[in-house]
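Next come the chains, spelled out residue by residue.
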Amino acid sequence: MKERILEKLKNSNDFEDSTFVQAVSEVLTSLEPLANSDKRFETYAIFERLVTPDREIRFKIQWVDDKNQVHINNGYRIQFNNSLGPYKGGLRFHKTVNSGILKFLAFEQIFKNSLTGLPIGGAKGGSDFDPKGKSDFEIMKFCRAFMRELYQYIGARIDVPAGDIGVGSREIGFLYGEYKRITRTYDGVLTGKPFTFGGSQLRPEATGYGVVYFASCMLQNEIAQTLKDKVCIVSGSGNVAIYTIEKLQQFGAKVVACSDSDGMIFDSNGLELKTIKNIKLSSRKLSLEEYPKEHRHAQYTQKADYPEFSNAIWNVKCDIAFACATQNELNINDAKNLINNGCKAVIEGANMPTTPDAIELFLQNDILFAPAKAANAGGVIVSEFEMSQNAAMETWKISQVDEKLQKIMQDIYFRVSKTAREYSKPRNFTDGANIAAFKRVAEAMILEGV
């Protein structure tokens, strides 16, 4: 089944999208035991339909900078599957954005959203526009131009985009403002909005907090341990990484390292989160190289000073590692370093940050491994909460949002763990997540017909 579908993707030119094919291959490998378990899967061509987007939208974005120079960027929206509910997934503004990356992210989103148990489908979008170095007015003008093309494809019961890399509450605010100007409606068509007009409490923190809630539940139920006093490392220093660090510290863990695209900071005393936030969440968004200026005992390692085949942060001795930066950031050499240094668990906060051979090595060495589609669902969970609040024209308290988030993250762990055991793959949370998510989506696809 797997080889047949991958060959079909190759013939349709999708094989060139390596990250998309990697994601499809991982999922289909997990689903092999189900291939012949239900004749309806073949009758309704579920596997073939599942790996084919409902539609791929591409458009030109024309905008003018502060010097009145015209710029052209590419815009995308991949609406992959809406069997469980409206398309749902973020918008990413980054120079690396292309249809292949977005197809991979949208495909993963189907499974992540399914695991939440909430009524949302999978999608992703964005542009190769790079917000770095742009003024607020330039970003506003780009966002307005982007929405002028996107608005016709989205809606509160059609497709509800959110933020992602390069798209925070500022960008969502600009996008939503333009949507309202065009449509003259106050629909909850975007999530991640500023709290002032329709956003949800805890949305910026949600993914990072959810990662820690999942990790805590997994440790308690698998090895009867807690996060208290555990030495942790967290790759990345964006929203996901920062709020993962914040919640880990609230749980009593000691976070000693984090990273950015330039290098890594190590602080044996435990990271001072206030300094990290001042460096990374301010409008300046400086390098972590600034950290030792305030904390002299800390050590900064430049990426250029480390071997190409390994990443510095994964060589730091720890109990638990959190991969919260980007896809394929943790390879098999990094996995060997973590195992040799006594790491007990690896949790994915970014989308597909661990290479397949590294995952296999973790499983072979009985390292607890939490895949992104299960562990980092917190962001989309609170986004769905925002949709619910917008539909009811109400707001929820922080405590209410946090309680619901923690409950759903725990439910995801138990759903994934139970499914893994049912298919004789205990502690294989990758297979457990893929199978549990697939079964819910597949059943909906069958019941709605072709």
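Look a little higher up for the structure.
Keep in mind that what you see is a predicted model, and the values were worked out from it rather than measured.

Notes on the pairing of strand β2 (residues 70-81)
With 10 bridges joining them, strand β1 (residues 55-64) and β2 adopt antiparallel strand pairing. The partner of K60 across the bridge, within β2, is N74.

Observations concerning unusual backbone geometry
Phi angles above zero are rare outside glycine, and A45 is one such case at about 50°. As for its position among the elements, A45 is in the loop between α3 (39-43) and α4 (46-50). According to the relative accessible area criterion, A45 is partly exposed, its value standing at 26%. The backbone of L202 sits at a positive phi, close to 70°, despite the residue not being glycine. Among the structural elements, L202 can be located in the loop between α7 (169-183) and α8 (206-223).

Section: empty space enclosed by the protein
Scanning the entire structure with this criterion turns up 1 cavity of 30 Å³ or more. By volume, the largest cavity is sized at about 70 Å³. Taken together, E26, E108, E348, M352, I359, F369, P371, A372, K373 and T430 make up the lining of the largest cavity. Its residues placed into classes, the lining of the largest cavity shows 5 nonpolar, 1 polar and 4 charged.

Overview of the pattern of salt bridges
Side-chain pairs of opposite charge can arise where the charged atoms are in close proximity. For the structure shown, the criterion picks out 24 salt bridges. Across the salt bridge formed by E178 and R148, the nearest N and O atoms sit 3.7 Å from each other. In this pair, E178 sits in helix α7 while R148 sits in helix α6 (residues 136-150), placing the two residues 30 residues apart along the sequence. Residue R148 is classed as partly exposed on the basis of its relative accessible area of 39%. As a salt-bridge pair, E171 and R170 come within 2.8 Å of each other at their nearest N and O atoms. Several salt bridges converge on common partners, so that one network encompasses R144, R148, E178 and R181.

With respect to the nonpolar core
Grouped together as the largest cluster of nonpolar side chains are 101 residues, with contacts concentrated most on F107, F322, I347, I412 and F438. Setting aside residues up to four positions removed in sequence, F107 forms contacts with F20, A23, V24, V27, L50, V51 and F80.

Description of the packing of helix α1 (residues 2-11) against helix α2 (residues 18-31)
In contact at an axis separation of 10 Å, α1 and α2 are set at 160° when each is read in the N-to-C sense. Here α1 lies roughly antiparallel to α2, going by the angle between them. When the axes of α1 and α2 are compared, the crossing they make is right-handed. Across the interface between the two elements, K2, I5, L6 and L9 from α1 touch F20, V21, V24, S25, L28 and T29 from α2. Here the residues of the contact of α1 with α2 sort into 7 nonpolar, 2 polar and 1 charged.

Examining helix α15 (residues 378-392)
The terminal C-alpha atoms of α15 lie 21 Å apart, and with 15 residues this matches the ideal 21 Å at 1.5 Å per residue to within 8%. Of all the 15 residues making up α15, 12 are buried; the element is thus mostly covered by neighbouring parts of the structure. Among the residues of α15, G378, G379, V380, I381, V382, S383, E384, F385, E386, M387, Q389 and N390 are the ones counted as buried. The positive-phi residue at the C-terminal boundary of α15 is M393, with phi of around 55°.

Quick word on the sheet that holds strand β9 (residues 299-302)
Here 7 strands make up an open sheet; going across it, the order is β9-β8-β7-β6-β10-β11-β12 and the pairing mixed. Looking along the sheet, the strands with just one partner apiece sit at the ends: β9 and β12 (368-370). Neighbour-to-neighbour, the strand axes of the sheet open up by a mean angle of 15°, direction not taken into account. Pairing of strand β6 (residues 231-234) with strand β7 (residues 254-259), which is carried by 4 bridges, proceeds in the parallel orientation. Across the sheet, I233 pairs through a bridge with A257, a residue of β7.

Conventions adopted
Residues numbered from 1 in each chain as written. Predicted model: local features only at pLDDT ≥ 70, side-chain atom pairs only at ≥ 80, totals over all residues. Heavy atoms only, no water. Pairing = 2+ DSSP bridges. Helix = DSSP H or I, 4+ residues; strand = E, 2+ residues; numbered from the N terminus. Buried < 20%, exposed > 50% of the residue type's maximum accessible area, 1.4 Å probe, protein only. 1 Å grid on protein atoms, 1.4 Å probe; cavity = no way out; pocket = protein on both sides within 12 Å on 5 of 7 lines; lining within 4 Å. Points joined across faces, edges and corners; volume = space filled by probe spheres on them. Nonpolar A, V, L, I, M, F, W, Y, C, P; charged D, E, K, R; others polar. Salt bridge = Lys/Arg side-chain N within 4 Å of Asp/Glu carboxyl O. Core = buried A, V, L, I, M, F, W, Y, C linked by side-chain atoms within 4.5 Å. Contact = heavy atoms within 4.5 Å. Axes fitted to C-alpha atoms, helices over the stretch in contact; angles between N-to-C directions. Parallel < 35°, antiparallel > 145°, perpendicular 65-115°, else oblique. Left-handed = near helix turned anticlockwise from the far one by under 90°. Expected span 1.5 Å × (residues − 1).

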